Amino acid sequence: MTARLAQAEHDPEAAQGEDGAVTFLVVDDAPVDRLIAGSIVERALGWRAVYAEDGRSALAAIESEKPRIVLTDLNMPGMGGLELTAAVGKRHPLVPVVLMTAFGNEEVALRALREGAASYVPKKSLDDLLAPTLEQVLAVARVERRQQRLLGRLDVAELRFTLDNDRSLVPAVVTHLQQYLVCPGLSDPTTKTRVGVALEEALLNAIYHGNLEVSSELRQQGEEPFHRLADERRRLAPYSGRRVHVAARITHDEASFVIRDEGPGFDPAALPDPTDFANLGRVGRRGLLLIRTFMDEVRYNPTGNQITLVKRAREEGGTL
Amino acid sequence: MDGYVAKPVRPSDLWAALAAAVPGASAVPPAEDEPPELPAAPDAVVLDGAALLRRLGGNAGLLARILVLFEGDCGRLLGEMQAALAEGDADRLARPAHTLKGTLGNLSAGASCAVAVRLEALARRGELAEAQRVFPQLEAEIGRLRTALAALGAAHPTSSGERV
């Protein structure tokens, strides 16, 4: 009991048992293995173990027991550790998953990390690594949880980026902007994903079709000539000096993104019907279709080098 | 980064993934990789009772629960393996062999674990004839393990206040 008191959990957000211990879920189809893993952590950290024997019962246990962290075996009948990791990532993004890998199974561990697992521990190293790993992962998750709470109190986020024509930064910008979609009508995973896809398409359009002036007709001849020309122009004036300017403003009611390139633009009036693909050659057909579908409002400036994307908070989500 | 021990097939990939997964982690593997894991030597001990007790924090009550769980689980897994062998189904043999291997490793039962490792490898390669020959060895080793576990349990009765 002394260990438990000494390491009592002081985080007010923690889902705790009656004695103040952090609850964690151990998922393993082998009863001996899950009891041993659970008892190692209970003893070392003073946490409280709850158990499940496969992925499906684990998901039920997460609902009922509200564990702060999940420790799972990989290889289980029914829903295994990889599927469980993906499912928890979707339904309970703030609950980290740590995997126990069987003796010599690091390739699967790597796949699990790609599915969103926070860490893994080889089963033969449970004695030494299990408790420190869980403790460390929970500490990181706690910071994330606090950040989520803080973002939940966000009134306005205004961000500006200036990008060169390197597409490799685009996903980072998109992910960064997505994290501010926290108000109820904007924060559901589908909306976040859709806004992310629209932003990515708009940013790529600004780089390739705006600044580098590489047409999507060229792309229809194949990816290779398209990217070869884009790579050449990235280093060639006047293309190389052009930038993409991103301005985001996110409130409780809506998220708006203004993306401006420094290319020659085009005449938006030449787009009598935005869904008439015949008119959209240089803008990127698939990209614009996705943007139009996923955003609530899409506008161009008169010179055609700036696009404004607006996503409004859904009514049923309760705008504040 | 202390939290990881890895024997990566592609070290750079694995460490990059770890670094991405855990803030503050190094993307560079440690200077010394763990030696490749070998099946336990043929003369591996039936049961390392001291290691098992350490793993259980010297808790006799926990040991007693583990023994009961193992009895049930081990009988079930051996039965599944026997059925898979009878039907010549290598895929169905591999899973219980894998699960048993993990449990035996957790019990510090080196000798039987080594046989289970071998049996799982044979099942995954579809070498059923050889698996048929190895299975009785597994049963024999499990028999010795049961005896050793029973002796360990008897030496650490729960009535004397849970602690060994």
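Here we summarise the structure given alongside this text. (Residues numbered from 1 in each chain as written. Chains lettered and ligands numbered in written order. Predicted model: local features only at pLDDT ≥ 70, side-chain atom pairs only at ≥ 80, totals over all residues. Heavy atoms only, no water.)

## Some thoughts on the overall build of chain B
Note the threshold: Each helix is a run of DSSP H or I of at least 4 residues and each strand a run of E of at least 2, with the numbering of both proceeding from the N terminus. Think of it in three bands: with a 1.4 Å probe and only protein chains considered, a residue is buried below 20% of the maximum accessible area for its type, exposed above 50%, and partly exposed in between. In what follows, residue pairs with any heavy atoms lying within 4.5 Å of each other are defined as contacts. Throughout, the Shrake-Rupley method with a 1.4 Å probe supplies accessible areas, and for residues the shown protein chains are the sole cover considered.
Each helix and strand in chain B was counted, giving six helices and zero strands. Reading the helices (α) and strands (β) of chain B from amino to carboxyl end gives α-α-α-α-α-α. Here chain B holds 164 residues, and 45% of them are scored as buried. Expressed as a percentage of contacts within chain B between residues at least 6 apart in sequence, the contacts between residues at least 24 apart total 64%. Accessible surface, chain B: about 8,000 Å² in total, of which carbon and sulfur atoms supply 56%.

## As for the packing of aromatic side chains
Residue and element names in this part refer to chain A. Inclusion rule: Stacked, edge-to-face and tilted labels apply to pairs of Phe, Tyr and Trp rings (six-membered ring for Trp) whose centres lie within 6.5 Å, assigned for plane angles under 30 degrees, over 60, and everything in between, in that order.
Under the criterion given, the structure shown has two aromatic pairs over all chains. Consider the rings of Phe24 and Trp47, whose centres lie 5.8 Å apart with planes at 65°: the pair is edge-to-face. Of this pair, Phe24 sits in strand 1 (residues 23-27) while Trp47 sits in the loop between helix 2 (31-45) and strand 2 (48-52), and the two are 23 residues apart along the sequence. For the residue pair Phe24 and Trp47, the accessibility class agrees, reading buried in each case.

## Brief notes about the pairing of strand 8 (residues 254-260) of chain A
All names here are of chain A. Rule in force here: DSSP-based pairing: two strands are paired if at least 2 bridges between them are found.
Both strand 7 (residues 244-250) and strand 8 contribute to a ladder of six bridges, which runs antiparallel. Along strand 8, the bridge assignment pairs Val246 with Ile259. The pairing of strand 8 with strand 10 (residues 306-312) spans seven bridges and is classified as antiparallel. Within the sheet, the bridge partner assigned to Ile259 lies in strand 10 and is Ile307.

## With respect to the sheet that holds strand 1 of chain A
All names here are of chain A. Quick reminder of the rule: What counts as an axis is a line fitted to C-alpha atoms, over the stretch in contact for a helix, and the angles between N-to-C directions run from 0 to 180 degrees.
With respect to topology, five strands assemble into an open sheet ordered 2-1-3-4-5, the strand pairing being parallel. The sheet is open, and its two borders are formed by strand 2 and strand 5 (119-122), each paired with just one other strand. Here the strands of the sheet are splayed against their neighbours by 25° on average, with no regard to which way each runs. Where strand 1 and strand 3 (residues 69-73) come together, four bridges link them in parallel fashion. By the bridge assignment, Val26 is partnered in strand 3 with Leu71.

## Examining the packing of helix 3 (residues 60-86) of chain B against helix 6 (residues 128-155) of chain B
All names here are of chain B. Put simply, the rule reads: For classification, angles of less than 35 degrees are called roughly parallel, those exceeding 145 degrees roughly antiparallel, those between 65 and 115 degrees roughly perpendicular, and all remaining angles oblique. By definition, turning the near helix anticlockwise from the far helix through less than a right angle yields a left-handed crossing, and turning it clockwise yields a right-handed one. By the convention adopted, Pro, Cys, Tyr, Trp, Phe, Met, Ile, Leu, Val and Ala count as nonpolar, Lys, Arg, Asp and Glu as charged, and the other residues, Gly among them, as polar.
The interhelical angle for the contact between helix 3 and helix 6, taken along N-to-C directions, is 165°, at an axis separation of 11 Å. In this view, helix 3 runs roughly antiparallel relative to helix 6, as classed from their interaxial angle. Along this stretch, helix 3 crosses helix 6, giving a crossing that reads as left-handed. Contact residues: helix 3 offers Leu63, Leu67, Phe70, Glu71, Cys74, Gly75, Leu78, Met81, Gln82 and Leu85, while helix 6 offers Leu128, Ala131, Gln132, Phe135, Leu138, Glu139, Ile142, Leu145, Arg146, Leu149, Leu152 and Gly153. Of the residues in the contact of helix 3 with helix 6, the class split is 15 nonpolar, four polar and three charged.

Note that every value here comes from positions in space, so none of it alone points to a role or purpose.
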